[in-house]
Amino acid sequence: MNLNVKEIRELMADLEQSSLRDIAIQDGDFSLHLSKNEQVQAPAAPAASASVAPAAPAAATPAPAASAAAESAAPAAPAAPAAGKEIKSPMVGTVYLKPKPDQPDFKAVGDHVEKGETVAIIEAMKLMTEIKADVTGTIAEILVENEEVVDFDKPLYRVTTD
């Protein structure tokens, strides 16, 4: 099952009109996750995000997949607040902490980061989006692994401000 752009847009519109917050469809190698969020910052999709991820068992129709996604989308209990400011994912997708597979990470713990500097890339629907720091400081912690699938608002880095 591969959906074309028109079908994906129709799903996005249907999701926007419904009371559901998430919908996930998986079939073979194809996977689509749409999610409504209060503070969407993704430039290409103002009301939903989508990602292509490794496939799991197929879902026959969008309705059961939506129910499963809503049940599995419960956020994990947050840890005790740590010092510093978090750089968060503005979208759902696969995060890359390196500019290219054979190059070093954008940032390591202890590195200085300037506001506006690229710290990661998130791939969503075959589009690569540079993630820029919204704070100046020192990388205190890297909160994700390279090539990890991240959700909207998932903390990527913790930065201590100077």
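Our subject is the structure listed above.
Below or above, wherever it landed, is the structure these notes cover. Quantities reported herein were computed from a predicted structural model and do not represent experimental measurements. (Residues numbered from 1 in each chain as written. Predicted model: local features only at pLDDT ≥ 70, side-chain atom pairs only at ≥ 80, totals over all residues. Heavy atoms only, no water.)

Some words on the sheet that holds strand 4 (residues 93-96)
Thinking step 1. Strand order in the open sheet made by the four strands is 7-6-4-9, with antiparallel pairing throughout. At either margin of the open sheet sits one strand with a lone partner, and together these are strand 7 (127-132) and strand 9 (149-150).
Thinking step 2. As paired elements, strand 6 (residues 118-124) and strand 7 share six bridges and run antiparallel to each other. Within the sheet, the bridge partner assigned to Glu-123 lies in strand 7 and is Met-128. (Pairing = 2+ DSSP bridges. Helix = DSSP H or I, 4+ residues; strand = E, 2+ residues; numbered from the N terminus.)

Let's talk about the pattern of salt bridges
Thinking step 1. The tally for this structure, following the rule as stated, stands at six salt bridges.
Thinking step 2. Here Arg-158 ties to Glu-86 by a salt bridge, and the two come within 3.0 Å at their closest N and O atoms. Here Glu-86 lies in strand 3 (residues 85-88) and Arg-158 lies in strand 10 (residues 155-161), a separation of 72 residues in the sequence.
Thinking step 3. Here Arg-158 falls in the buried class, since its relative accessible area comes to 11%.
Thinking step 4. With its nearest N and O atoms 2.7 Å apart, the salt bridge here joins Glu-117 to Lys-107. Placement of the pair is Glu-117 in the loop between strand 5 (112-113) and strand 6 and Lys-107 in the loop between strand 4 and strand 5, with a sequence separation of ten residues.
Thinking step 5. Look at the salt bridges and you will find they share partners, linking Glu-86, Lys-88, Glu-141 and Arg-158 into a network. (Salt bridge = Lys/Arg side-chain N within 4 Å of Asp/Glu carboxyl O. Buried < 20%, exposed > 50% of the residue type's maximum accessible area, 1.4 Å probe, protein only.)

Describing the side chain of Lys-107
Thinking step 1. Exposure remark for Lys-107: the relative accessible area of 9% places this residue in the buried category.
Thinking step 2. Polar contacts involving the side chain of Lys-107 include one to the main-chain carbonyl oxygen of His-112, which spans 2.9 Å.
Thinking step 3. Sequence-distant contacts of Lys-107, that is, excluding residues within four places in its chain, are made with His-112, Val-113, Glu-117, Val-119, Ile-139, Ile-142 and Tyr-157. (Polar contact = N/O pair within 3.5 Å; in protein donor to acceptor, adjacent residues only side chain to side chain. Contact = heavy atoms within 4.5 Å.)

Comments concerning the sheet that holds strand 8 (residues 137-142)
Thinking step 1. The sheet built from four strands is open, its strands ordered 3-10-8-5 with antiparallel pairing. Each having just a single partner strand, strand 3 and strand 5 make up the two edges of the open sheet.
Thinking step 2. Where strand 5 meets strand 8, two bridges bridge the pair, whose relative direction is antiparallel. Within strand 8, the residue paired with His-112 across the bridge is Thr-138.

Such coordinate-based values are descriptive only and should not be taken to indicate function.
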